[in-house]
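# Breakdown of the fold
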Amino acid sequence: PVTSASGRYVRLGTASMLSQPDGPFINVARLNLSKYASRPNLSKVLFEYLFHHENDIRSALELAALTTEACQFKDWWWKVQLGKCYYRLGLLRESEKQFKSALNMIDMVDTFLYLAKVYVRLDQPQKALEVFNKGIEVFPGESTLLTGIARIYEGINDLTNAVKHYKLVLHHDNTHVEAIACIATNHFYSDQPEIALRFFRRLLQMGVYNTQLFNNLGLCCFYAQQYDMTLSCFERALQLASDEEMDDVWYNLGHVALEENNLISNNATEGIGDMTVAYQCFKLALASNNNHAESYNNLGVLELRKANNEQARAFFQSAASLGSHMYEPHYNYSVLAEK
């Protein structure tokens, strides 16, 4: 017969799953994971909660290991979850083993993506490409796998193959935002702003509406000599920009304002000739982000043109200290020192 004592034990067993008004939805510390491991449907939901909501990777890993053992290592889904947990914990080789084991059982797009991600983190891009190509053989035309290949090529600076694969992505999915944006960027830096403008306008027609898009539209309009649209696009970009994005918009506006002349730095060579407006734009970029090295460099160039050598030196030194990836401040500083 059911007694009060047995009822109390039942309540103790379910107390860990009872949510409190001001507490967590599930008290993870009180969970008996081995009990839930034997209940496949409930264990999957619990794992998703631990992994994605609570971000408790160790508990999720323990649950995945117990459930995999309960399934006699025959469930590919749990092997993938084990691999995800190992990846989050930095155990990349263990993660690799789990993803390979899952692929031996069944081919899934997500598993190919996760395995390639492991190789990318191990700094083995060629191995990642092999994984993606194997995935393409099983799932021809899968846009996520083609996008992964394009990203790898872009990362190793093989832009020809990157653009080739982004075009393949568009062949199978003509609304893929990343592929359209990357192809447009490649055309822009290949001195084809008119073609880049067509791709960016396509993004606008698709409903993409953000600071980056209007900033790029403004640059494309300017270099394609569509001056009537240039300032309108930049104005819209400024309206949409957050504090973190404002500096890049003002920096690009400074370029538009500069005259076409043989300045010292290639960063400040083209524009419509208003140095005062350009100076104010670069100052506003620094007001938004005081560590914007490119703006310091171009302000130094403008000060140098005004023969304010000490101010120019200070700007070049600031640019060199903040932008270790830039060569322009060092070159400009050397020219100033030669004077």
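Our subject is the structure that appears above.
Let us look at the structure shown here. Per chain, the residues get numbers from 1 upward, laid out in the order the sequence is written. The model is predicted, so local features are restricted to residues of pLDDT at least 70 and side-chain atom pairs to those at 80 or more, both for listing and for counting; the totals for chains, interfaces and linings are taken over all residues. Think of the side-chain values as coming from all heavy atoms in the structure, minus any hydrogens and water.

## Some remarks on the overall build of the protein chain
Worth spelling out the cut-off: In this text, helices come from DSSP runs of H or I with a minimum length of four residues, and strands from runs of E with a minimum of two, each type numbered from the N-terminal end. Any residue under 20% of the maximum accessible area for its type is buried, any over 50% is exposed, and the rest in between are partly exposed; the area is computed with a 1.4 Å probe on protein chains only. Should any heavy atoms of two residues lie within 4.5 Å, those residues are considered in contact. Using a 1.4 Å probe, accessible areas were evaluated by the Shrake-Rupley method; residue-level cover was limited to the displayed protein chains.
Regarding its fold elements, the protein chain presents 19 helices and zero strands. In the protein chain, buried positions account for 43% of the 339 residues. Here the analysis covers contacts within the protein chain between residues at least 6 apart in sequence; of these, 44% occur between residues at least 24 apart. Only carbon and sulfur atoms are counted for the fraction: they give 50% of the accessible area of the protein chain, which is about 18800 Å².

## Focus on the pattern of salt bridges
Working definition: two side chains of opposite charge can pair if their charged atoms are close together. Threshold: In the sections that follow, a salt bridge refers to a side-chain nitrogen of Lys or Arg positioned within 4 Å of a carboxyl oxygen of Asp or Glu.
If you walk through the whole model with that rule in mind, you get five salt bridges. Of the charged contacts in the structure, one is a salt bridge between glutamate 96 and arginine 93, with a shortest N-O distance of 2.8 Å. Within this pair, glutamate 96 and its partner arginine 93 are both found in helix α6 (residues 92-105), separated by three residues, close to a single helical turn. Assessed through its relative accessible area of 43%, arginine 93 is described here as partly exposed. Across the salt bridge formed by glutamate 310 and arginine 313, the nearest N and O atoms sit 2.8 Å from each other. Here arginine 313 and glutamate 310 lie together in helix α18 (residues 309-322), a separation of three residues that amounts to about one turn. The exposed category is assigned to glutamate 310, whose relative accessible area is 58%. Given a relative accessible area of 24%, arginine 313 falls into the partly exposed group. Among the charged side chains, a salt-bridge network with shared partners connects Arg93, Glu96 and Lys100.

## Some remarks on the side chain of aspartate 75
Convention followed: Only four residue types enter the tally: Lys and Arg on the positive side, Asp and Glu on the negative side; His and the chain ends are excluded. Polar contact is the term for a pair of N or O atoms within 3.5 Å; when the atoms are in protein, one must be able to donate a hydrogen and the other to accept it, and sequence-neighboring residues count only if both atoms are side-chain atoms.
In this fold, aspartate 75 is placed in the loop between α4 (57-70) and α5 (76-88). Lacking a salt bridge, the buried aspartate 75 has lysine 44 as its closest oppositely charged neighbour, with an N-O distance of 4.2 Å. At 2.9 Å, the side chain of aspartate 75 forms a polar contact with the backbone nitrogen of tryptophan 77. Residue contacts for aspartate 75: discarding those within four places in its chain leaves Lys44 and Met105.

## A closer look at unusual backbone geometry
Leave glycine aside and you will find that most residues have negative phi; peptide bonds, for their part, are mostly trans. Phi is positive for asparagine 55, which is not a glycine, with a value near 55 degrees. Inspection of the secondary structure assignment puts asparagine 55 in the loop between α3 (40-53) and α4. The class of asparagine 55 is partly exposed, set by a relative accessible area of 45%. In this structure, alanine 307 is a non-glycine residue whose phi angle is positive, near 70 degrees. Position of alanine 307 relative to the elements: it lies in the loop between α17 (293-305) and α18.

## Here we look at helix α19 (residues 328-338)
Condition: Note: the arc covers the axis-to-C-beta directions of the helix.
Those residues of α19 that fall on the buried side of the exposure criterion are Glu328, Pro329, Asn332, Val335 and Leu336. Projected onto a plane normal to the axis of α19, the buried residues spread over an arc of 125 degrees and lie on a single side. Facing away from the buried side of α19 by more than 90 degrees, the exposed set consists of Ala337 and Glu338. On its buried face, α19 is in contact with α17 and α18.

## Details of the packing of α4 against α5
Rules: Note on geometry: axes are C-alpha line fits, over the in-contact stretch for helices, and angles between N-to-C directions span 0 to 180 degrees. Each angle receives one of four descriptions, namely roughly parallel if under 35 degrees, roughly antiparallel if over 145, roughly perpendicular if within 65 to 115, and oblique otherwise. Each crossing gets its hand from how the near helix is turned against the far one by less than a right angle, where anticlockwise is left-handed and clockwise is right-handed. Charged residues are taken to be Asp, Glu, Lys and Arg, nonpolar residues to be Ala, Val, Leu, Ile, Met, Phe, Trp, Tyr, Cys and Pro, and polar residues to be all remaining types, Gly included.
Relative to each other, α4 and α5 sit at 150 degrees, their axes nearing to 9 Å. Relative to α5, the element α4 lies roughly antiparallel. In terms of crossing hand, the pair formed by α4 and α5 is left-handed. In contact with Ile57, Ala60, Leu61, Ala64, Ala65, Thr67 and Thr68 of α4, α5 contributes Trp78, Leu82, Cys85, Tyr86 and Arg88. For the contact of α4 with α5, the per-class residue count stands at nine nonpolar, two polar and one charged.

## Digging into the packing of aromatic side chains
Counted only if it meets this: Within 6.5 Å between ring centres, the rings of Phe, Tyr and Trp (the latter by its six-membered ring) count as paired, and their orientation is classed by plane angle as stacked under 30 degrees, edge-to-face over 60, tilted in between. Whether a charge lies above a ring is judged from NZ of Lys or CZ of Arg, which has to be within 6 Å of the ring centre and within 35 degrees of the ring normal.
This model, assessed by the stated rule, comprises 13 aromatic pairs. When the ring of phenylalanine 47 is compared with that of phenylalanine 51, the centres are 5.6 Å apart and the planes differ by 15 degrees; the resulting orientation is stacked. Here phenylalanine 51 and phenylalanine 47 lie together in helix α3, a separation of four residues that amounts to about one turn. On the basis of relative accessibility, which here comes to 6%, the residue phenylalanine 51 falls in the buried class. Ring centres 6.2 Å apart and planes at 40 degrees place the aromatic pair tyrosine 296 and phenylalanine 315 in the tilted group. With a gap of 19 residues between them, tyrosine 296 in helix α17 and phenylalanine 315 in helix α18 connect regions that are remote in the sequence. Classification of tyrosine 296 by relative accessible area gives buried; the value is 11%. A residue is classified by how much of its surface remains accessible, and phenylalanine 315, at 6% relative accessible area, is buried. A cation sits over an aromatic face here: lysine 44 above tryptophan 77, 5.1 Å from the ring centre. It is lysine 84 that lies over the ring of phenylalanine 51; its NZ or CZ is 5.1 Å from the centre.

Take it as geometry only, folks, not as evidence of what the structure does.
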